[in-house]
Amino acid sequence: MSVITKKQGQLEYLVAEGISAPHCFTTRYGGVSEGYLSSLNLGIHRGDDPRNVEKNYEILGEALGFDIHDLVFTRQTHTDIVRVVDEGNRGEGLFREVEPECDALVTNTPGLVLAAFSADCTPILLHDSVTDAVGAVHAGWRGTVADIVGNAVRTMVREFGSRPEDIRAAIGPNIGVCCFETHEDVPNAVRAVLGEEAEAFIVPAGEKFRVDLKGVNAALLRRAGVRNIEISRDCTACRPDRFWSHRRVGNDRGSLAAVIVCEGGNNK
């Protein structure tokens, strides 16, 4: 199983073959936004016309089979906070403000659609193939070393009775080890959470280091008991023409989204 590209008209997105719930990691392609936000901007605070953002979600919803009124957004602040959402949260983000900060959402409420955002950070989607519970995770490097993805798995276990071995995970496009050059604070933080295992994900680069954030998150998923993990090879910083990359273009950019639908067939 692998992460593959799908196209529907001008729309292009990535899906993990091992996750059966409707989901995707978006690219820049296929929306109606203009200028430096062209074309599939999914961020509501990027300076875009709200009508364009809503239309972009309608395009994505038509492709995946969801109603945009069922979306629930994260309010990301690079934390390890995982929020459990249900019927009362339907529509938060696109149609009403998201109040509590969080960098991950989990739910087992049928019909809810979870969205987490990125533009170099690591997006991760989770699907429990037995209970149909789902999760959407934004893992910046701070959230990564705080083990937000492990927290999301443990929250699904605690709240929904999920078993880690039944959870399938997909790690989407992010800034790859080829481009994520940093000072020693990041590798030191990785060592603090992974110990000796961290060295496999740290590459010296002169006075700096390159860090494989996909690999770190996969290792943390395995520590949480998840065995089915699919990883995108795409680097957002290598392809700013295809993905939004904060490192390459700064604030003049849109947002990618990792989206997953809770079908909830086993919870009805």
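Here, every reference points to the structure presented above.
Just so we're clear, the structure is a prediction, and the values are computed from it rather than from any experiment. (Residues numbered from 1 in each chain as written. Predicted model: local features only at pLDDT ≥ 70, side-chain atom pairs only at ≥ 80, totals over all residues. Heavy atoms only, no water.)

Student: Looking at this model, I keep getting lost on the overall build of the protein chain. Mind explaining?
Tutor: The secondary structure content of the protein chain amounts to 6 helices and 15 strands. Its C-alpha atoms give the protein chain a radius of gyration of 17 Å, near enough to 18 Å, the size a compact globule of 268 residues would have. Taken over the C-alpha atoms alone, the protein chain extends approximately 50 × 45 × 35 Å along its principal axes. Across the 268 residues in the protein chain, those meeting the buried criterion constitute 59%. Counting only contacts in the protein chain whose residues sit at least 6 apart along the sequence, the fraction spanning at least 24 positions is 65%. (Helix = DSSP H or I, 4+ residues; strand = E, 2+ residues; numbered from the N terminus. Rg over C-alpha atoms; globule rule 2.2 N^0.38 Å. Buried < 20%, exposed > 50% of the residue type's maximum accessible area, 1.4 Å probe, protein only. Contact = heavy atoms within 4.5 Å.)

Student: Looking at this structure, how should I read the sheet that holds strand β14 (residues 228–231)?
Tutor: Adjacent strands of a sheet form backbone hydrogen bonds with each other and so pair up, either parallel or antiparallel. The mixed open sheet is built from 6 strands, whose spatial order is β5-β6-β9-β8-β10-β14. Each having just a single partner strand, β5 (82–84) and β14 make up the two edges of the open sheet. Looking at each pair of strands side by side, their axes are set apart by 15° on average, direction ignored. Running at roughly 25° to β5, helix α3 (residues 148–160) makes contact with β5, β6 (104–107), β8 (122–128), β9 (134–139) and β10 (167–171) of the sheet. (Pairing = 2+ DSSP bridges. Axes fitted to C-alpha atoms, helices over the stretch in contact; angles between N-to-C directions.)

Student: Quick question: what am I supposed to make of unusual backbone geometry here?
Tutor: A negative phi holds for most residues other than glycine; trans holds for most peptide bonds. For the bond running from serine 38 to serine 39, omega is 0°, close enough to zero to count as cis. We note that histidine 78 has phi near 60°; this positive angle belongs to a residue other than glycine. As for its position among the elements, histidine 78 is in the loop between β4 (71–73) and β5. The partly exposed category is assigned to histidine 78, whose relative accessible area is 40%. Within the chain, aspartate 147 stands out as a residue other than glycine whose phi angle is a positive 60°. Looking at the secondary structure, you find aspartate 147 in the loop between α2 (141–145) and α3.

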